[in-house]
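Each chain, letter by letter, is given below.
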Number of protein chains: 4
Amino acid sequence: MSSTSSFQPGHARSETSLFHGLSSAEVTRLEEACVEAKSRAHCPYSHFRVGASLLLTSGAIIQGANVENAAYPVGTCAERVAIATAVVQGAKKGDFRALAVATNISPPASPCGMCRQFIREFCDLDMPVLMYDVAGKVVVMTLEQLLPMSFGPDKLLSAE
Amino acid sequence: MSSTSSFQPGHARSETSLFHGLSSAEVTRLEEACVEAKSRAHCPYSHFRVGASLLLTSGAIIQGANVENAAYPVGTCAERVAIATAVVQGAKKGDFRALAVATNISPPASPCGMCRQFIREFCDLDMPVLMYDVAGKVVVMTLEQLLPMSFGPDKLLSAE
Amino acid sequence: MSSTSSFQPGHARSETSLFHGLSSAEVTRLEEACVEAKSRAHCPYSHFRVGASLLLTSGAIIQGANVENAAYPVGTCAERVAIATAVVQGAKKGDFRALAVATNISPPASPCGMCRQFIREFCDLDMPVLMYDVAGKVVVMTLEQLLPMSFGPDKLLSAE
Amino acid sequence: MSSTSSFQPGHARSETSLFHGLSSAEVTRLEEACVEAKSRAHCPYSHFRVGASLLLTSGAIIQGANVENAAYPVGTCAERVAIATAVVQGAKKGDFRALAVATNISPPASPCGMCRQFIREFCDLDMPVLMYDVAGKVVVMTLEQLLPMSFGPDKLLSAE
Ligand SMILES: [Zn+2]
Ligand SMILES: [Zn+2]
Ligand SMILES: [Zn+2]
Ligand SMILES: [Zn+2]
């Protein structure tokens with residue numbers, strides 16, 4: 001898809017250039033955190049491990065992992081856990097700079113539609129979502145690319 | 001958005017031309033059914049009425065409406081109700097030709113991300129989703145346009 | 001659990017006696033409908049088939065089955081599909097006389113907590129929930145027994 | 001309900017007696033943490049603030065709050081956020097000693113059915129759930145009392 005961007009970590013890039021507004025060091029922190037979070041997944045039903053990481057404007061990194069349930073619809077995904085944890089720690093709309101997700105497949109898995117909607121509540125449409133495959137290759141799309149013509153908080157208000 | 005298509009019902013079109021594979025009569029049936037379904041919504045919390053309709057390959061129309069719950073996350077949306085009802089009536093992947101959604105706002109509301117994901121399980125990527133605003137204006141996008149680079153059933157299998 | 005009631009279909013009971021307000025014929029209709037609905041389940045991930053049936057005050061029977069999704073939390077359960085379908089057909093609070101659920105295990109499975117909450121929105125606390133195991137044995141509990149001290153619509157209002 | 005237990009914080013109790021296995025100091029920590037977490041709720045739609053706190057066997061306290069979404073079913077509850085955050089931090093089945101929930105109503109609100117099911121995946125049936133009302137009064141029920149005859153992980157396995 002021509003509108004996505006990708007690069008290989010380790011690829012020679014200037015340390016001062018930014019990738020979707022992220023420094024090379026920030027991308028590395030995001031990748032390491034989402035890959036590490038995979039190990040905390042509770043996924044005895046799907047055996048499909050997902051790790052997520054969030055970079056906040058404060059510089060903090062917040063992790064998430066999928067937490068499944070015997071009643072499948074009751075479980076939750078890595079991306080939503082990371083964002084909800086951040087909110088409970090005080091993060092608000094405007095405080096989110098990037099989200100990263102790691103799985104054990106290739107090409108990389110994208111956030112499910114439910115998570116894209118959850119992200120939409122808090123994050124800017126141009127926030128990058130970094131999706132890592134099992135080998136560390138990454139595909140990046142913005143929230144708007146992942147959830148075009150989205151249903152957001154403003155829609156509810158326009159109904160009143 | 002240039003990739004979407006729209007038309008005014010009643011606009012002069014040849015009766016034999018197809019719109020996303022739909023005849024003018026089929027579009028009319030979809031619109032009438034989703035608008036009518038809005039009246040059945042259970043939405044005492046949001047007061048945001050949504051009606052949905054599905055056209056199956058059999059020619060059958062199935063309706064849905066949002067069914068909210070005092071515990072908000074437990075409720076469900078019009079689109080998911082329509083599809084699940086169709087599945088219980090025997091519909092399978094390949095049996096879905098179009099989905100229509102009607103709300104009382106303008107511009108029209110799109111399916112939430114959770115519904116886009118639910119649709120993805122059963123419908124082809126080029127299936128049209130017709131979104132009607134309160135005045136009957138429609139915006140149409142395919143499932144792939146609404147949920148690009150989607151996480152579908154094949155992803156789970158590739159993990160094994 | 002002493003507060004539950006059970007009986008064997010076919011067990012000698014007076015045809016005129018009622019079981020949780022249900023006639024023998026009504027119990028039979030509920031059982032047949034939920035067992036039959038199991039065949040319509042979309043459960044390629046859990047392989048756990050669930051069928052549900054609702055008896056309305058109109059005498060109508062509405063069926064449901066579980067509809068899973070590759071993104072597990074996005075799927076839905078048989079009980080919720082049945083109730084939402086009934087609501088879209090016009091059923092309102094007060095129109096529900098009994099819910100039945102059938103699975104392929106023994107002892108019978110109960111509705112998950114999410115479904116108990118969904119039921120709570122529409123059904124009286126003394127409504128019976130009939131749970132059938134694979135051999136047709138049934139355990140019956142009321143909604144209040146399944147979801148004690150429940151969070152219902154009245155709680156939201158009391159916050160205002 | 002005779003099977004529940006309650007007490008007034010500040011009521012004269014021996015400091016060494018245990019309440020559902022909790023010391024007076026532990027109960028105080030749980031209460032303070034769930035009340036404080038309420039302030040972090042993202043609830044622009046319901047205006048119904050919920051805070052939660054978990055006590056782990058390690059002695060750690062984990063907080064949660066409800067995080068709502070414009071698409072209501074996509075939001076999540078305080079209890080699930082707390083548990084998922086704990087799991088991502090490494091908590092496993094057996095590591096949970098108590099859950100507390102605080103709202104701004106009276107009598108206190110209980111966890112919704114979806115949360116009871118989420119709790120069931122990780123917590124023992126005799127784990128106490130402390131429910132605080134706006135004035136600090138508490139009602140305590142065990143998980144088994146809140147979700148009798150529950151659908152747990154063992155049910156899925158018995159189907160194979
Ligand atoms: Zn997800
Ligand atoms: Zn939706
Ligand atoms: Zn359920
Ligand atoms: Zn809840």
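Provided above is the structure to which this section pertains.
All figures in this text were calculated on a predicted structure; none of them were measured in a lab. (Residues numbered from 1 in each chain as written. Chains lettered and ligands numbered in written order. Predicted model: local features only at pLDDT ≥ 70, side-chain atom pairs only at ≥ 80, totals over all residues. Heavy atoms only, no water.)

A. Inspection of the coordination of the zinc ion (ligand 4) at higher detail. Residues and elements named next belong to chain D. The protein atoms that coordinate the zinc ion (ligand 4) are Cys77 (SG), Cys112 (SG) and Cys115 (SG), at distances spanning 2.3 to 2.4 Å. Between consecutive donor residues of the zinc ion (ligand 4), the sequence gaps follow C-x34-C-x2-C. Pair noted here: Cys77 is in the loop between β3 (61-65) and α2 (78-88) and Cys112 is in the loop between β4 (96-103) and α3 (113-120), with a separation of 35 residues, a long-range link. Judged by relative accessible area, which is 12%, Cys77 ranks as buried. Overall, the relative accessible area of 4% leaves Cys112 in the buried class. (Donors = N, O, S within 2.8 Å, 3.2 Å for Na, K, Ca; no water. Helix = DSSP H or I, 4+ residues; strand = E, 2+ residues; numbered from the N terminus. Buried < 20%, exposed > 50% of the residue type's maximum accessible area, 1.4 Å probe, protein only.)

B. Region of the structure containing the side chain of C:Asn66. All names here are of chain C. Examined against the element boundaries, Asn66 turns out to sit in the loop between β3 (61-65) and α2 (78-88). In terms of polar contacts, Asn66 uses its side chain to reach the backbone carbonyl oxygen of Phe48, at 2.8 Å. Of note is the side chain of Asn66, whose polar atom sits 3.1 Å from the backbone nitrogen of Val50. Those residues in contact with Asn66 that lie beyond four places of it in its chain are Ala41, His42, Cys43, Phe48, Arg49, Val50, Thr76, Cys77 and Ala78. (Polar contact = N/O pair within 3.5 Å; in protein donor to acceptor, adjacent residues only side chain to side chain. Contact = heavy atoms within 4.5 Å.)

C. View of the nonpolar core. In terms of nonpolar packing, the biggest core is built from 186 residues, with A:Phe96, B:Phe96, C:Phe96 and D:Phe96 touching the most fellow members. In this structure, B:Phe96 is in contact with B:Leu54, B:Leu55, B:Leu56, B:Thr57, B:Ile83, B:Ala86, B:Val87, B:Ala91, B:Phe122, B:Cys123 and B:Met127, ignoring residues within four places of it in sequence. (Core = buried A, V, L, I, M, F, W, Y, C linked by side-chain atoms within 4.5 Å.)

D. Spatial organisation of the packing of aromatic side chains. Inspection of the entire model under this criterion finds 18 aromatic pairs over all chains. Considering the side-chain rings of A:Tyr45 and A:Tyr72, the 5.7 Å spacing of their centres and the 40° angle between planes classify their relative orientation as tilted. Here A:Tyr45 is found in the loop between α1 (24-37) and β1 (50-56), whereas its partner A:Tyr72 is found in the loop between β2 (61-65) and α2 (78-88), with 27 residues between them in sequence. Judged on exposure class, the residue A:Tyr45 and its partner A:Tyr72 are both buried. An aromatic cluster is present here, built from A:Tyr45, A:Tyr72, C:Tyr45 and C:Tyr72 joined pairwise through their rings. (Phe/Tyr/Trp six-rings, centres within 6.5 Å; stacked < 30°, edge-to-face > 60°.)

E. Spotlight on the pattern of salt bridges. All names here are of chain C. Under the defined criterion, the tally for this structure stands at 12 salt bridges over all chains. One salt bridge in this structure joins Asp154 and Arg120, with 3.6 Å as the shortest N-O distance. With a gap of 34 residues between them, Asp154 in helix α5 (residues 153-158) and Arg120 in helix α3 (residues 113-120) connect regions that are remote in the sequence. With a relative accessible area of 43%, Asp154 lands in the partly exposed category. Take Arg120: its relative accessible area is 11%, and that puts it in the buried class. (Salt bridge = Lys/Arg side-chain N within 4 Å of Asp/Glu carboxyl O.)

F. Summary view of the relation of the copies chain C and chain A. Laying chain C over chain A is done by rotating through 180° and shifting 0.0 Å along the axis; what remains is an RMSD of 0.0 Å. The transformation relating the two chain copies, once decomposed into turn and shift, fits a two-fold axis. The rotation axis passes nearest to the C-alpha of C:Pro73 in chain C, at a distance of 1.8 Å. (Least-squares fit on C-alpha atoms with pLDDT ≥ 70 in both.)

G. Geometry of the coordination of the zinc ion (ligand 1). All names here are of chain A. Coordination of the zinc ion (ligand 1) by the protein comes from Cys77 (SG), Cys112 (SG) and Cys115 (SG), over a distance range of 2.3 to 2.4 Å. One chain supplies every donor for the zinc ion (ligand 1), spaced along it as C-x34-C-x2-C. Of the two residues, Cys77 sits in the loop between β2 and α2 while Cys115 sits in helix α3 (residues 113-120), which places them 38 residues apart along the sequence. Comparing Cys77 with Cys115, the two get one shared label, buried.

None of this, on its own, says anything about what the molecule does.
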